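# Reading the structure
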Amino acid sequence: MIEKTNVVWHQTTITKQDREKQSGQKGVVIWFTGLSGSGKSTLANRLEAALFAGGHRTYLLDGDNIRSGLNRDLGFSDIDRRENIRRISEVAKLFVDSNTIVLTAFISPFREDRIAARQKVEAGEFIEVYVKCDLSICESRDPKGLYKKARSGVIPSFTGIDSPYEAPNAPELIVNTENQDPEASTEQIIRFLKEKKIIH
């Protein structure tokens, strides 16, 4: 790692608290994690639409979208996966500082990396949503045809096939998409956010 001895964080005039007063909401990270095909992007998209309709300031960071730009230089080795999540967590931190409800939809397979992402924000500002779905069901859905390519050897180091997925030990919320449809799953998350007074 390159030592940044001459880099000093610039304290801006407008503070996080100032933005909270103006926006009327508190920034949080809603971090969706789970296997490919579990429904992370679907749920994150539905949830953002519901929050936006309710007057909340939101932004959705999706795995493929980020890899199309900010992280286009990264592959899918363990090292690159970790760097992918590190960059995303730094971006999410900035969104939280701006008092935005930022939703992230990434497999983020390694527990250690998700813990590191949580530690970048203050207590209560990181909500880990484990989108739980058995590998066999995810593979039967295979919306992007990725499992088929992984099984045939076209995609190496694919999570769930020949690269591990480490499920969260204590997520804030578990959404089981094996036997719950997207509408019910979205409602489950909204109820949780209301109970925790994250949204009105």
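Going along each chain's sequence as written, the residues are numbered from 1 onward. Confidence filtering applies because this is a predicted model: local features only for residues at pLDDT of at least 70, side-chain atom pairs given and counted only at 80 or more, and all residues used for totals across whole chains, interfaces and linings. The side-chain figures draw on all heavy atoms in the structure; neither hydrogens nor water molecules are used.

Per an unreviewed UniProt entry, the recorded name for the protein chain is Adenylyl-sulfate kinase, and the organism is Sporolactobacillus shoreicorticis. UniProt positions are given in the numbering used here, feature names are shortened, and annotations may be inferred rather than shown by experiment. Looking at the Sequence similarities (unreviewed entry) heading of the UniProt record, one finds this comment for the protein chain: "Belongs to the APS kinase family."

### Digging into the overall build of the protein chain
A helix here means a DSSP run of H or I that spans at least four residues, while a strand means a run of E at least two residues long, and both kinds are numbered starting from the N terminus. Of regular secondary structure, the protein chain possesses eight helices and five strands. Put simply, the protein chain runs from its N terminus to its C terminus through helices and strands in the order α-β-α-β-α-α-β-α-β-α-α-β-α. Its C-alpha radius of gyration of 17 Å places the protein chain within 12% of the 16 Å reference for a compact globule of 200 residues. Seen along its three principal axes, the alpha-carbon backbone of the protein chain occupies a region of about 55 × 45 × 30 Å. Within the span of the protein chain, comprising 200 residues, buried residues form 42% of the whole. For this analysis, residues touch if any pair of their heavy atoms sits within 4.5 Å. Intrachain contacts of the protein chain at a sequence separation of at least 6 include 75% that bridge at least 24 residues. Summed over its atoms, the accessible surface of the protein chain is roughly 11,300 Å², and 52% of this surface lies on carbon and sulfur atoms. Under the counting rule used here, the positive set is Lys and Arg, the negative set is Asp and Glu, and His together with the chain ends is not counted. We put the charge of a Lys on NZ, of an Arg on CZ, of an Asp on CG and of a Glu on CD. In the protein chain, 29 side chains carry a positive charge and 28 a negative one; their mean positions are 2 Å apart. Two things to know: the radius of gyration comes from C-alpha atoms, and the globule rule equals 2.2 Å times the number of residues to the power 0.38. Exposed residues in this analysis have more than 50% of their type's maximum accessible area, buried residues have under 20%, and partly exposed residues fall in between, with area computed by a 1.4 Å probe over protein chains only. Computed by Shrake-Rupley with a 1.4 Å probe, the accessible areas treat only the displayed protein chains as cover when residues are assessed.

### Re the UniProt feature "domain: APS kinase" (unreviewed entry) in the protein chain
UniProt feature "domain: APS kinase" (unreviewed entry): in the numbering of this structure it lies at residues 26-176. Note that residues 26-176 is 40% helix and 18% strand, and that its end C-alpha atoms are spaced 27 Å apart.

### Thoughts on the UniProt feature "binding site: ATP" (unreviewed entry) in the protein chain
UniProt records the feature "binding site: ATP" (unreviewed entry) for Gly34, Leu35, Ser36, Gly37, Ser38, Gly39, Lys40 and Ser41 in the present numbering. Examined against the element boundaries, Leu35 turns out to sit in the loop between strand 1 (28-33) and helix 2 (40-53). Excluding residues within four positions of it along the chain, Leu35 makes contact with Lys40, Ile107, Cys133, Leu135, Cys138, Tyr147, Thr159, Gly160 and Tyr165. In this structure, Ser41 sits in helix 2. Taking the relative accessible area as the measure of exposure, Ser41 reaches 33% and is therefore partly exposed. In this structure, Ser41 is in contact with Asp62 and Ala105, ignoring residues within four places of it in sequence.

### Remarks on the pairing of strand 5 (residues 173-176)
Alternating residues of strand 5 divide into Leu173 and Val175, all buried, and Ile174 and Asn176, none buried. Two strands pair under a simple rule: DSSP has to find at least two bridges between them. Inspection of the sheet shows strand 4 (residues 126-132) paired to strand 5 by four bridges, in the parallel sense. Directly across from Tyr130, in strand 5, lies its bridge partner Ile174.

### Considering the environment of Cys133
Within the secondary structure, Cys133 sits in the loop between strand 4 and helix 6 (135-141). A residue is classified by how much of its surface remains accessible, and Cys133, at 6% relative accessible area, is buried. The sequence separation of Cys133 and Lys21 amounts to 112 residues, and the corresponding C-alpha distance is 39 Å. Dropping the residues within four chain positions of it, Cys133 is found in contact with Leu35, Ser38, Cys138, Arg141, Thr177 and Glu178.

### Quick notes on the packing of aromatic side chains
We call Phe, Tyr and Trp rings a pair once their centres come within 6.5 Å, taking the six-membered ring for Trp, and we label the pair stacked below 30 degrees between planes, edge-to-face above 60, and tilted otherwise. Scanning the entire structure with this criterion turns up five aromatic pairs. A network of ring pairs unites the aromatic residues Trp31, Phe106 and Phe126 as a single cluster. One residue, Arg67, lies across the ring of Phe76, its end atom 3.9 Å from the ring centre. Criterion for a charge above a ring: Lys NZ or Arg CZ within 6 Å of the ring centre, and within 35 degrees of the ring normal. The aromatic ring of Phe110 is capped on one face by Arg82, whose charged end is 4.3 Å from the ring centroid.

### Observations concerning the nonpolar core
Each nonpolar core is a collection of buried residues, namely Ala, Val, Leu, Ile, Met, Phe, Trp, Tyr and Cys, held together in the definition by side-chain atoms within 4.5 Å. Within the largest apolar cluster, 22 residues are counted, with the highest numbers of intra-cluster contacts made by Ile30, Phe32, Leu47, Ile127, Val129, Ile189 and Leu193. Looking at this core, the elements with two or more residues in it are strand 1, helix 2, strand 3 (101-105), strand 4, strand 5 and helix 8 (182-195). One finds Leu61, Val96, Phe106 and Ala117 within the second-largest nonpolar core, a separate group that totals 13 residues.

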